[in-house]
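# Structural characterization, general
One letter stands for each residue in the lines below.
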Protein chains: 2
Amino acid sequence: MTVPASKTPVWRSIADSLKREIGDRHYVEGEKLPTEARLAERFGVNRHTVRHALKALAEDGLVYSRRGAGVFVLARPLDYPLSRRVRFHQNLMDAGRLPGKTMLSVERRAASDDDARRLRLEPGQLVAVSHSLSFADETPVALAESRFPEARLPGLADALREASSITEALGSVGIEDYTRRTTRLTATTATTAQALHLQTREGAPLLLAESLSGDGDGMPVEHGQTWFASERITLTLNHA
Amino acid sequence: MTVPASKTPVWRSIADSLKREIGDRHYVEGEKLPTEARLAERFGVNRHTVRHALKALAEDGLVYSRRGAGVFVLARPLDYPLSRRVRFHQNLMDAGRLPGKTMLSVERRAASDDDARRLRLEPGQLVAVSHSLSFADETPVALAESRFPEARLPGLADALREASSITEALGSVGIEDYTRRTTRLTATTATTAQALHLQTREGAPLLLAESLSGDGDGMPVEHGQTWFASERITLTLNHA
DNA sequence: ATGTATAATATGTCTAGTTGTATAGTATAC
DNA sequence: GTATACTATACAACTAGACATATTATACAT
């Protein structure tokens, strides 16, 4: 259900943060750290909490303080927490176009009010719903649920079941050209089921892209949600 | 001592009561609720029962609590368009929200290898580093850490400290026009410190946008990371 | 230049109050 | 029996403000 609550006190994470910065030479030996008040502002905590963190650093012999003057760097830590950013650097431009895609299921069902509004159908008309899993080099990176206006594009559900790609399936029902209209991005955490598919842990950060695609005339042809395993993938936008 | 046998638990009716009061603007955005102890007194229950009710409100995103400080009222979610020319203030005002930004800290320090590569400096040259927090109607929505090539734009750190916006600060050192070159999007979960700033819980989903902006000639002027409180904001891409 | 008074900053200490968490216990409903 | 709802107590973690004390920066007189 919930992410295992790490019970690291705030002051400790602040201490680690400063330790890392000293280790990375953001502050050099002899240099004065920002004042307690500024650090408190920066970390969004009370001055006393910062003092607690600084006390820990002082006890480690990393800094020392002089009343009225400031806090100064004494030495670098022998070892400090490694910087995060150990990431898979997978570049992809367009959400949902990845090599390696497995169709998990394709169903036909009546459009919900929401589906109908987005796909410009009447509630109750048929929509094709597909669930799919995308891979990059055998590793699952994205889980998608897409809805198509089956009522307007009869035979699409069957085509989706047989075709090897969405583009191909759409082509077989007469849509030669479809483009993404909008994408809305948020972050979520993985449910149990999502974690299973994406081979990650429950509560892992996921990037959720909700998209709407249309044909050349702007008529919607697909509306769906794609969950990316954020630890394995990065969406890159080139504002060219 | 006799409690009337009702089907709904006491904590739920307390939650409903508070919910109604917040809805009725009895308590406004950002305002602090009475302490748990006082609420317990007022409703004639144990503090833990009040806590149970407050937990429900927090899960609905209505309130947020800070240990040692109190419980505060939050605001509603909103949409945030991502485009080449990122103008936070304009976007929020278009959405009918009152934008705000507070500079948490501005420092100058030596560029790390990573900073240097991205900003096209030599390692060790000066970079200006700012931490800032953006608001919509008093509710924090984004936390940012930005790095600027101070070596190439002397005086920028001071300008950032005084100016009311990044655009203004860059303008004062001769950068009239800057645009976003790339944005990389991932999802993460909130660390303790991030949760504090964004007034959310530890482990809450965050949308992380890493961006690189350049001037008219393509020379980098800013490189930074922005963490969006995903429960309060959605990034929207218009593939126009 | 040098010394001095003064204001502004910065850290040190103290008191009080608030939320977070852990543990234990009681009554009631199913 | 065993959850569920609630009470009771204690302590940890953090905030908030006030004030003392040490240091630095500034202005000014000499």
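## Section: the overall build of chain A
Helices and strands together make up the secondary structure of chain A, namely seven helices and 10 strands. Here chain A holds 240 residues, and 45% of them are scored as buried. Counting only contacts in chain A whose residues sit at least 6 apart along the sequence, the fraction spanning at least 24 positions is 58%. In the form shown here, chain A has an accessible surface area of approximately 12400 Å², with 50% of it arising from carbon and sulfur atoms.

## Comments concerning the packing of helix H1 (residues 10–23) of chain B against helix H3 (residues 47–59) of chain B
Residue and element names in this part refer to chain B. Between H1 and H3, the least distance of the axes is 8 Å, while the angle of their chain directions is 55°. In this view, H1 runs oblique relative to H3, as classed from their interaxial angle. Viewed along their axes, H1 and H3 form a crossing whose handedness is right-handed. Along its contact with H1, which presents Val10, Trp11, Ile14, Ala15, Leu18, Lys19 and Ile22, the element H3 presents Thr49, His52, Ala53, Leu54, Ala56 and Leu57. Along the lines of polarity and charge, the residues of the contact of H1 with H3 split into 10 nonpolar, two polar and one charged.

## Observations regarding the protein's contact with DNA strand D
Around DNA strand D sit 22 residues, and of these His48(A), Thr49(A), Val10(B), Thr49(B) and Arg67(B) come closest. Backbone sugar and phosphate groups make up 77% of those atoms of DNA strand D lying within 4 Å of the protein. His48(B) is positioned with one of its side-chain polar atoms (N or O) 2.7 Å from a base oxygen of DNA strand D. The side chain of Arg66(B) places a nitrogen or oxygen atom 3.5 Å from a phosphate oxygen of DNA strand D. For the surface near DNA strand D, the secondary-structure elements that each account for two or more residues are helix H1 (10–23) and helix H3 (47–59) of chain A together with H1 and H3 of chain B.

## Describing the protein's contact with DNA strand C
Of all residues adjacent to DNA strand C, which total 23 residues, the nearest are Arg47(A), Arg51(A), Arg47(B), Arg51(B) and Ser65(B). When atoms of DNA strand C within 4 Å of the protein are sorted by moiety, sugar and phosphate together comprise 69%. Between DNA strand C and the protein, one listed contact pairs a phosphate oxygen with a backbone N or O atom of Glu36(A) at 3.0 Å. Between a sugar or linking oxygen of DNA strand C and a side-chain N or O atom of Arg67(A), the distance comes to 2.9 Å. For the surface near DNA strand C, the elements supplying multiple residues, two or more each, are H3, strand E1 (63–66) and strand E2 (70–73) of chain A together with H3 and strand E1 (63–66) of chain B. By residue class, the composition of the surface near DNA strand C is two nonpolar, 10 polar and 11 charged.

## Details of the nonpolar core
Membership of the largest hydrophobic core comes to 21 residues, with the highest contact counts inside it found for Leu18(A), Leu33(A), Leu54(A), Leu57(A) and Val63(A). Breaking this core down by element, the ones donating at least two residues are H1, helix H2 (36–43), H3 and E2 of chain A. Once residues within four sequence positions are removed from consideration, Leu18(A) is found in contact with Leu39(A), Phe43(A), Leu54(A) and Leu57(A). Of all hydrophobic cores here, the second largest spans 20 residues; its members include Val141(A), Ala136(B), Ala142(B) and Ile233(B).

## Quick notes on the pattern of salt bridges
Residues and elements named next belong to chain B. Summed over the entire model, instances satisfying the criterion amount to 26 salt bridges over all chains. Taking the shortest distance from any N to any O, the salt bridge between Asp114 and Arg117 comes out at 2.7 Å. Pair noted here: Asp114 and Arg117 are both in helix H5 (residues 113–119), with a separation of three residues, about one helical turn. Taking relative accessible area as the criterion, Asp114 reaches 27% and is therefore assigned partly exposed. With a closest N to O distance of 2.6 Å, Arg118 and Asp114 form a salt bridge. With Arg118 and Asp114 both in helix H5 and four residues apart, this pair spans about one turn of that helix.

## Here we look at H3(A)
Residue and element names in this part refer to chain A. Spanning 13 residues, H3 covers 18 Å between terminal C-alpha atoms, matching the ideal 18 Å at 1.5 Å per step. Those residues of H3 lying buried are Val50, Ala53, Leu54, Ala56 and Leu57. Looking down the long axis of H3, one finds its buried residues gathered within 150° of arc, a one-sided arrangement. Those residues of H3 that are exposed and angled more than 90 degrees off the buried face are His48, Lys55 and Glu59. Where H3 is buried, its residues contact H1, H2, E1 and E2.

Scoring rules and cut-offs
Residues numbered from 1 in each chain as written. Chains lettered and ligands numbered in written order. Predicted model: local features only at pLDDT ≥ 70, side-chain atom pairs only at ≥ 80, totals over all residues. Heavy atoms only, no water. Helix = DSSP H or I, 4+ residues; strand = E, 2+ residues; numbered from the N terminus. Buried < 20%, exposed > 50% of the residue type's maximum accessible area, 1.4 Å probe, protein only. Contact = heavy atoms within 4.5 Å. Areas by Shrake-Rupley, 256 points an atom, 1.4 Å probe, with all protein chains shown as cover. Axes fitted to C-alpha atoms, helices over the stretch in contact; angles between N-to-C directions. Parallel < 35°, antiparallel > 145°, perpendicular 65-115°, else oblique. Left-handed = near helix turned anticlockwise from the far one by under 90°. Nonpolar A, V, L, I, M, F, W, Y, C, P; charged D, E, K, R; others polar. Near = heavy atom within 4 Å. Polar contact = N/O pair within 3.5 Å; in protein donor to acceptor, adjacent residues only side chain to side chain. Core = buried A, V, L, I, M, F, W, Y, C linked by side-chain atoms within 4.5 Å. Salt bridge = Lys/Arg side-chain N within 4 Å of Asp/Glu carboxyl O. Expected span 1.5 Å × (residues − 1). Arc of directions from axis to C-beta.

Everything listed here is a matter of coordinates, which is why it stays silent on function.
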